[in-house]
Amino acid sequence: IIFTLFCVVVLLNILIAIVNDSYAKSLARSYGLFGKARVEHVSRQLARERFVSTKIYLDIEDSTKRNFSNIVKRCLFRVLRWCIFAFLLAVVIAVNVLSVDTWRLLWLYRHK
């Protein structure tokens, strides 16, 4: 009986050590994953802000950026970007609507 109790205590001690080690490893890994997710989120947010931004950044030292033609080119580039974005959004919406109707028609055809 004493040997059995001793073995149970030793096995529980080993189990606790394994769980503690696994927890420490997963905690260290979670900090890394959280940092990576934070960096990805910040980079996406900055890209969204830059895409939506209406500001035209002019460098004071660089006189070539002050040309009216460069400002017009930048504005046209932004308009073009928004047109492409609107077109892609319309395509995605159209594909979703068509795919829903297609699946509905297939379902109705099979269940006549």
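Residues numbered from 1 in each chain as written. Predicted model: local features only at pLDDT ≥ 70, side-chain atom pairs only at ≥ 80, totals over all residues. Heavy atoms only, no water.

Q: Explain the overall build of the protein chain to me, please; I cannot follow it from the model alone.
A: Counting secondary structure elements, the protein chain contains two helices and zero strands. By residue count, 1% of the 112 residues in the protein chain fall in the buried class. (Helix = DSSP H or I, 4+ residues; strand = E, 2+ residues; numbered from the N terminus. Buried < 20%, exposed > 50% of the residue type's maximum accessible area, 1.4 Å probe, protein only.)

Q: Whenever I open this one, the pattern of salt bridges confuses me. Can you help?
A: Any two side chains of opposite charge can pair, given that their charged atoms come close. In the structure shown here, the tally under the stated rule is one salt bridge. Residue Lys-25 is joined to Asp-21 by a salt bridge in which the shortest nitrogen-to-oxygen separation is 3.6 Å. Remark: Asp-21 and Lys-25 occur in helix H1 (residues 2-52); sequence separation between them is four residues, near one turn of the helix. The exposed category is assigned to Lys-25, whose relative accessible area is 56%. On the basis of relative accessible area, Asp-21 is assigned to the partly exposed category, the value being 40%. (Salt bridge = Lys/Arg side-chain N within 4 Å of Asp/Glu carboxyl O.)

Q: Help me understand a nonpolar patch on the surface in this model?
A: A cluster of nonpolar side chains, Phe-77, Leu-80, Ile-84, Phe-87, Leu-88, Val-91 and Val-95, forms an exposed patch at the surface whose accessible area comes to about 670 Å². Among the secondary structure elements, Leu-88 is positioned in helix H2 (residues 68-110). (Patch = residues over 30% accessible without salt bridge, like charges linked within 9 Å, V, L, I, M, F, W, Y side chains within 5 Å. Areas by Shrake-Rupley, 256 points an atom, 1.4 Å probe, with all protein chains shown as cover.)

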